[in-house]
Amino acid sequence: MPSLNDYLVLSAVLFAIGTAGVFVRRNLITILLSIEIMLNAVNLSFVAFGRALGSADGQIIVFFVMTVAAAEAAVGLAIVISLFRHKESLNPDTFTELKW
Amino acid sequence: MGLFYLFAAVAVLASLLVIAQRNPIYSVLLLIASFGALSGLYVMLEAPFVAVIQIIVYAGAIMVLFLFVVMLLNAPHEDTDYDERVHPLMRPGPMRFGGVLAIALALELVWALTKRAESGRFAGGAVSSVAAIGRLLFTQYAFAFEVTSVLIIAAMVGAVVLARREDWR
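The rules behind the values
Residues numbered from 1 in each chain as written. Chains lettered and ligands numbered in written order. Predicted model: local features only at pLDDT ≥ 70, side-chain atom pairs only at ≥ 80, totals over all residues. Axes fitted to C-alpha atoms, helices over the stretch in contact; angles between N-to-C directions. Helix = DSSP H or I, 4+ residues; strand = E, 2+ residues; numbered from the N terminus. Parallel < 35°, antiparallel > 145°, perpendicular 65-115°, else oblique. Contact = placed C-beta atoms within 7 Å. Nonpolar A, V, L, I, M, F, W, Y, C, P; charged D, E, K, R; others polar. pLDDT = per-residue confidence, 0-100.

At a minimum axis separation of 11 Å, helix α3 (residues 57–87) of chain A and helix α3 (residues 48–73) of chain B run at an interaxial angle of 0°. Our classification of the angle between α3(A) and α3(B) gives roughly parallel. Within the contact between the two elements, α3(A) uses A:Gln59, A:Val62, A:Phe63, A:Met66, A:Ala69, A:Ala70, A:Ala73, A:Ala74, A:Leu77, A:Val80, A:Ile81 and A:Phe84 and α3(B) uses B:Phe49, B:Val50, B:Ile53, B:Val57, B:Tyr58, B:Ala61, B:Ile62, B:Leu65, B:Phe66, B:Val69 and B:Leu73. Each residue belonging to the contact of α3(A) with α3(B) can be placed in one class, and the counts come to 22 nonpolar, one polar and no charged.

Set out below in structure tokens:
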């Protein structure tokens, strides 16, 4: 039987992979995918903690995280589409009009 | 225990490949594989409800949305203003330190988690019935559940407004 720590270590590794993706990649869609990896790492911690405490609260929080992730993906991808229409590019370094 | 390592290895490898791919379509498909492995882990944690909505909502709905956008934009390759064969440590800006920062974060988290020598064994008594989760969702978390519906409507309207063409009249 894997212990709580095993799940938490896996969650930490997945979260770090998502962070690396946000920093390293220069493609808006891949950055959004990296954010999804981070959200899933957090979901895994919630479910593991809920299992360790014998409560259903962890699973319910995961349900809410998934709805927020769906809303974030819909709005984020709409922003990506409208940005792509303006500049014909998905590189975040091309969108610097707000930078002073 | 072997099953745990199998699922963990699939999840970590697929996630690593997601951020290593240059073509976003492969990234999306690999992320679906990673979600499948996580769903198996949820089953091992006696959370079948989360495992099923992970497949249906996440892999089924959200990732299909990503796939639609990737195919709609038809810009498969990352366009960068530097040579793509350059080693990641030689690239400009924060990309030079991004990987280093992420490795440092992972090491810190793993160190903090393993510092306390608790066994962390799961006690008995998991709540795995969907009926129990549903009852809790509509009693104790009823307000949050309703607020979620408002959030979904706001996101839907926002997505339509943002992705609309300017000359829609």
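For A:Glu88, which is not a glycine, the phi torsion comes out positive at approximately 55°. Of note, A:Glu88 is situated in the segment after α3. One non-glycine residue, B:Glu46, lies in positive phi territory at about 55°. Assignment of secondary structure puts B:Glu46 in the loop between α2 (24–44) and α3.

Our next topic: the interface of chain A and chain B. The partner chain B presents 72 residues to the 60 residues of chain A that form the contact. Looking at which element gives the most residues to the side of chain A that touches chain B, the answer is α3(A), with 20 residues.

Interpretation of the predicted coordinates at a detailed level should be avoided for regions scoring low in pLDDT. When the pLDDT values of chain A are averaged, the result is 89; 99% of them are 70 or greater. Averaged pLDDT values for the elements of chain A fall to 89 in helix α1 (residues 4–24) of chain A and rise to 93 in helix α2 (residues 28–53) of chain A.

Moving on to the environment of A:Ser34. Structurally, the position occupied by A:Ser34 is in helix α2. Remark: the alpha-carbon pair of A:Ser34 and A:Thr67, spanning 33 residues in sequence, is separated by 17 Å. Those residues in contact with A:Ser34 that lie beyond four places of it in its chain are A:Gly18, A:Gly21, A:Val22, A:Arg25 and B:Ile19.

The next point concerns the packing of α1(A) against helix α1 (residues 2–20) of chain B. Two numbers describe a pair of packed helices, the interaxial angle and the distance between the axes. Interaxial distance between α1(A) and α1(B) falls to 9 Å at its minimum, and their mutual angle equals 5°. Judged by the angle between their axes, α1(A) and α1(B) are roughly parallel. Residues A:Asp6, A:Leu10, A:Val13, A:Leu14, A:Ile17, A:Ala20, A:Gly21 and A:Val24 of α1(A) touch α1(B), and the partners they reach there are B:Phe4, B:Ala8, B:Ala11, B:Val12, B:Ser15, B:Leu16, B:Val18 and B:Ile19. Grouping the amino acids of the contact of α1(A) with α1(B) by side-chain chemistry returns 13 nonpolar, two polar and one charged.

Below, the discussion takes up the confidence of the model for chain B. This prediction gives chain B a mean pLDDT of 83; 82% of its residues lie at or above 70. Overall fold confidence for the complex sits at a pTM of 0.87, while the interface term, ipTM, reaches 0.90.

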